[in-house]
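# Topology and contacts: notes
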Amino acid sequence: MKLLTHNLLSSHVPGLRPGGGFPLRIELGRPSELPPEPLPNSESDEEFLRRVHHVLLEVEVLEGSLQCPDSGRRFPISKGVPNLLLSEDEA
Amino acid sequence: CPAGRCGWVQPGMAEAAGDAGLAPAAAQEGAELAAVIGATVPTGFEQTAAEEVQEKLGSASRISRDRGKIYFEVPARSLPQVHRLRSVDNLFVVVQEFKDYQFKENKEDALKDLEDLVKKLPWTDPLKVWELNNSLKKKKTKRKKHGLQSPASREKLSDGGEERGADQSNSNDQEDCAQNPVEPADGQDTENPQAVTSRNGVEEEEEDNEQSDVKVEVQASSESGSKAGDGQTGEGEAKVLKFRVTCNRAGDKHSFTSNEAARDFGGAVQEHFQWKADMTNFDVEVLLNIHNNEVVVGIALTEESLHRRNITHFGPTTLRSTLAYGMLRLCDPQPTDIIVDPMCGTGAIPIEGAAEWPYCYHIAGDNSPQAVKRAANNICSLLRKNESKDSSNALGVPLDIIQWDICNLPLRTGSVDIVVTDMPFGKRIGSKKKNWDLYPACLMEMGRICTPGTGRAVLLTQDKKCFAKALSRVGHIWRRAQTVWVNVGGLHAAVYLLRRTWERAEERRPFW
């Protein structure tokens, strides 16, 4: 799973507050460096843009999980594919 | 060798009377070799294919009345680019086209005319094109062998019995047998439907038995066989070419069948060239396409159908890449568009999308773990293919897969620009009853995730009735913009282009 995809995902556990469920917390199988906060006026800095592009599109989470910030429900990521299916009782 | 030196005909020009054929401008001494190419495309997407040809080759296309085919002229050196077209299934070089061929009423006479035609045709240049094409194919085969077939087949074996053989050298056309739909006969007798053949002689099974599989026949009687053999004398080097004739015939006024035409035409070809007839192991495949009074003689340039190119792991209903390409083109993807296939199956559409529209971002999802696994495998195969070309790009494929439920997508409202998918067909997956409930729920969720105003959806379905009903219930979020009638595996299906209205969706449907 790439970070850009993560940006579009939100938890769909039933009964959340409006606007809830986003963003999902990424929990990694093993520790890894995540980029720091972006500086203002970064859009014209080509070097920075390259790093952002790399992080968004070329870094993959292979093993780990996504956690709903409101309900705490965890969704596993395995072999790079997040499983966001709810169980029958949840849905 | 006779050569008709008529110029290229524009549609609308007055046609020569009778059966005076119109041949493409023959290459003059020293002039560049030009080829008139015929391409088969998914029916309904002829216009899309013509646009791609214009865009990538700069040539205008003619769309023939025989649906599912376009014709265009290019310099022979453009052949590599022609092979890279994404909207075409098969290619052939035109030997000659007859816009208004007058068939004799009597069967014997009609067939005799076809036999006599062979020696009058301008074979020279098209055969040169065929030769040139062969040298291109040899390069491709070498690369394939080096490549990555073995990991793919290893994966395939581990997936178990559901997989159909994904051997790349056998184009398995079971899904899409009818590349050219049967023309409804006007008269009473329904004559043979068109011969449907695959390039390497593998018999295709028809899905619904709507069309009998009329296979190619060449008169390979023992006599002519040995004649060809005897003719081959001590010119040790010159190899005798092997050939077969494939005839597609449609129309209700012909006195002969495609089998008979192929047989007699083939006999004359054998006489003329002293080639050897061989059904399965041929070098040259001569095409005889008859559509009412339109006759086109051509030589095949593709062996396996291009439409399975991206998929090494098949599922029960894998969509062909050419159809996926046509669907994607229909929604006119713009750079930075987010494109989602929420029922991706083995991933045919998103994979085609990522390959051809790399400046968009593609997300594929399915609820079935098998589908997700296969899609992931197909993407890996694609990545490995890319790796051998350009290692710096290996990771940068703008494509992700997620396991999810179409009726409750874990995507933010209004976050997606395009939804494109192959909706479950009642007959092959799921059931008609399930579709009744599924379709409205799908359309609602797709509407929620799609950007109001600018968003669009391209949806393929065979269950047109159910779809129309579901659409009528969501008129406040989707408007129908265009419909393309297509043929998928012998089933009549439709591709709907929908536009998202400006109305904002509710954040999420409440579940209690």
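Positions within a chain are numbered from 1, following the residues in the order the chain's sequence is written. Chains carry letters and ligands carry numbers; both start at the beginning, A for chains and 1 for ligands, and go up in the order they are written. It should be noted that, the model being predicted, local features are given only for residues of pLDDT at least 70 and side-chain atom pairs only at 80 or more, the latter also being counted only at that level, while totals for whole chains, interfaces and linings use all residues. The basis for the side-chain values is all heavy atoms of the structure; hydrogens and waters are excluded.

## Overview of the overall build of chain B
- If you tally the helices and strands in chain B, you get 12 helices and 15 strands.
- When a residue's accessible area, from a 1.4 Å probe over protein chains only, is under 20% of the maximum for its type it is buried; when over 50% it is exposed; and in between it is partly exposed. The buried share among the 512 residues of chain B stands at 55%.
- The Shrake-Rupley method, run with a 1.4 Å probe, gives the accessible areas here. Residue values count only the displayed protein chains as cover. Surface summary for chain B: the accessible area is close to 22700 Å², and the carbon and sulfur share equals 49%. The secondary structure listing takes helices from DSSP runs of H or I that are at least 4 residues long and strands from runs of E that are at least 2 residues long, numbered from the N terminus.

## Topic: the sheet that holds strand 4 (residues 81-82) of chain A
Residues and elements named next belong to chain A.
- Strand order in this open sheet of 4 strands is 1-2-3-4, and the pairing throughout is antiparallel. Two strands in the sheet have a free side with no partner beyond their single neighbour: strand 1 (25-28) and strand 4.
- Inspection of the sheet shows strand 1 paired to strand 2 (residues 64-67) by 4 bridges, in the antiparallel sense. If you follow L28 over to strand 2, its bridge partner there is G64. When DSSP finds at least two bridges between two strands, those strands are taken to pair.

## Some thoughts on the packing of helix 8 (residues 321-330) of chain B against helix 9 (residues 348-356) of chain B
Residues and elements named next belong to chain B.
- At their nearest, the axes of helix 8 and helix 9 sit 9 Å apart, and the two run at 65° to each other. One finds that helix 8 runs roughly perpendicular with respect to helix 9. Relative to helix 9, the crossing made by helix 8 is right-handed. In contact with S321, A324, Y325, M327 and L328 of helix 8, helix 9 contributes A348, I349, E352, G353 and E356.
- Any residue outside Ala, Val, Leu, Ile, Met, Phe, Trp, Tyr, Cys, Pro, Asp, Glu, Lys and Arg is labelled polar, Gly included; the first ten of those are nonpolar and the last four are charged. Along the lines of polarity and charge, the residues of the contact of helix 8 with helix 9 split into 6 nonpolar, 2 polar and 2 charged. Convention adopted: a line fitted to C-alpha atoms gives each axis, helices being fitted over their contacting stretch, and angles between N-to-C directions are expressed from 0 to 180 degrees. Oblique is the label for any angle not under 35 degrees, not over 145, and not in the 65 to 115 range, which are roughly parallel, roughly antiparallel and roughly perpendicular in turn. Here a crossing is called left-handed whenever its near helix is offset anticlockwise from the far helix by less than a right angle, and right-handed whenever the offset is clockwise. The criterion used for residue contact is that any of the two residues' heavy atoms lie within 4.5 Å.

## Quick notes on the packing of aromatic side chains
- Working definition: a ring pair exists when centres of Phe, Tyr or Trp rings (six-membered ring for Trp) sit within 6.5 Å. Plane angles under 30 degrees give stacked, over 60 give edge-to-face, the rest tilted. Within this structure, the stated rule accounts for 10 aromatic pairs over all chains.
- Judged by centre distance (5.7 Å) and plane angle (85°), the rings of F98(B) and Y101(B) are edge-to-face. Residue F98(B) shares its accessibility class with Y101(B), and that shared class is buried.
- Aromatic pair Y439(B) and F467(B): ring centres 6.2 Å apart, planes at 80°, arrangement edge-to-face. Placement of Y439(B) in helix 11 (residues 432-449) and of F467(B) in helix 12 (residues 464-473) is noted, with a sequence separation of 28 residues between them. In this pair, the class of Y439(B) matches that of F467(B), namely buried.
- Ring pairs connect the aromatic residues F98(B), Y101(B), F103(B) and F256(B), which therefore count as one cluster.
- Should the NZ of a Lys or the CZ of an Arg lie within 6 Å of a ring centre and within 35 degrees of the ring normal, that charge is described as sitting over the ring. Taking NZ or CZ as reference, R412(B) lies 3.8 Å from the ring centre of F22(A), over its face.

## Regarding the sheet that holds strand 11 (residues 399-403) of chain B
Residues and elements named next belong to chain B.
- Pairing in this open sheet of 7 strands is mixed, and the strands run 11-10-9-12-13-15-14 from one edge to the other. The open sheet is flanked by strand 11 and strand 14 (478-488), the only strands paired with a single partner. Shown here is a sheet whose adjacent strand axes are inclined to one another by a mean of 15°, direction ignored.
- The sheet contact formed by strand 14 and strand 15 (residues 491-500) spans 10 bridges and is antiparallel. Directly across from T483, in strand 15, lies its bridge partner Y496.
- Sheet strands in contact with helix 8 are strand 9 (338-341), strand 12 (418-422), strand 13 (456-461), strand 14 and strand 15, and its direction is about 150° off that of strand 13.
- Strands strand 9, strand 10 (361-366), strand 11 and strand 12 of the sheet are contacted by helix 9, whose axis makes an angle of about 170° with strand 10.

## Topic: the packing of helix 3 (residues 107-117) of chain B against helix 7 (residues 258-273) of chain B
Residues and elements named next belong to chain B.
- Running from amino to carboxyl end, helix 3 crosses helix 7 at an angle of 40°, the nearest separation of the two axes being 8 Å. When the interaxial angle is binned, helix 3 and helix 7 end up oblique. Crossing of helix 3 against helix 7: the hand is right-handed. For the pair formed by helix 3 and helix 7, the contact residues are K107, L111, L114 and E115 on the first element and E260, A261, R263, D264, F265 and A268 on the second.

## Notes on helix 3 of chain B
Residues and elements named next belong to chain B.
- Turning to helix 3, its buried residues are A110, L111, D113, L114 and L117. What you see down the axis of helix 3 is that its buried residues fit within an arc of 150°, all on one side.
- In this fold, the buried residues of helix 3 make contact with strand 4 (90-98), helix 7 and strand 7 (284-291).
- Here a polar contact is taken to be a pair of N or O atoms separated by no more than 3.5 Å, where protein atoms must pair a possible hydrogen donor with a possible acceptor and residues adjacent in sequence count only if both atoms sit in side chains. Its side-chain oxygen at 2.8 Å from the backbone nitrogen of E108, N106 defines the N-terminal cap of helix 3. The directions considered for the arc are those from the helix axis to the C-beta atoms.

## Considering the pairing of strand 10 of chain B
All names here are of chain B.
- Buried residues dominate strand 10, accounting for 6 of its 6 residues.
- On strand 10, burial covers both faces: Y361, I363 and G365 on one face and H362, A364 and D366 on the other are all buried.
- Of the pairings in the sheet, the one linking strand 9 to strand 10 comprises 4 bridges and is parallel in character. Paired with I339 across the bridge in strand 10 is H362.

## Some points on the environment of L28(A)
All names here are of chain A.
- Inspection of the secondary structure assignment puts L28 in strand 1.
- C-alpha separation for the pair L28 and S65, spaced 37 residues apart in sequence, amounts to 6.6 Å.
- Discounting residues that sit within four places of it in the chain, L28 has contacts with V61, E63 and G64.

## A word on the pattern of salt bridges
All names here are of chain B.
- A pairing counts as a salt bridge when a side-chain nitrogen of Lys or Arg comes within 4 Å of a carboxyl oxygen of Asp or Glu. With the rule as written, the count across this model stands at 25 salt bridges over all chains.
- For E352, the salt bridge identified is with R86, shortest N-O distance 2.9 Å. Placement of E352 in helix 9 and of R86 in the loop between helix 2 (79-83) and strand 4 is noted, with a sequence separation of 266 residues between them. With respect to burial, E352 and R86 carry one shared label: buried.

## Some points on the nonpolar core
- By size, the foremost hydrophobic cluster in this structure holds 52 residues, and its most contacted members are I37(B), F72(B), L114(B), W123(B), F265(B) and L288(B).
- Here this core takes 5 residues from helix 7 of chain B, the largest share from any one element.
- In plain words, nonpolar cores are sets of buried Ala, Val, Leu, Ile, Met, Phe, Trp, Tyr and Cys residues tied together by side-chain atoms within 4.5 Å. Membership of the second largest hydrophobic core comes to 45 residues, among which are L57(A), F75(A), L86(A) and W478(B).

## As for helix 1 (residues 46-57) of chain B
Residues and elements named next belong to chain B.
- One less than the residue count of a helix, multiplied by 1.5 Å, gives the span that helix is expected to have. When the terminal C-alpha atoms of helix 1 are compared, their 16 Å separation across 12 residues agrees well with the 16 Å that a helix rising 1.5 Å per residue should span.
- Within the sequence span of helix 1, burial applies to E46, T48, A49, A50, E52, V53 and L57.
- Packing partners of the buried residues in helix 1 comprise strand 2 (61-63), strand 3 (69-75), helix 2, helix 8 and helix 9.

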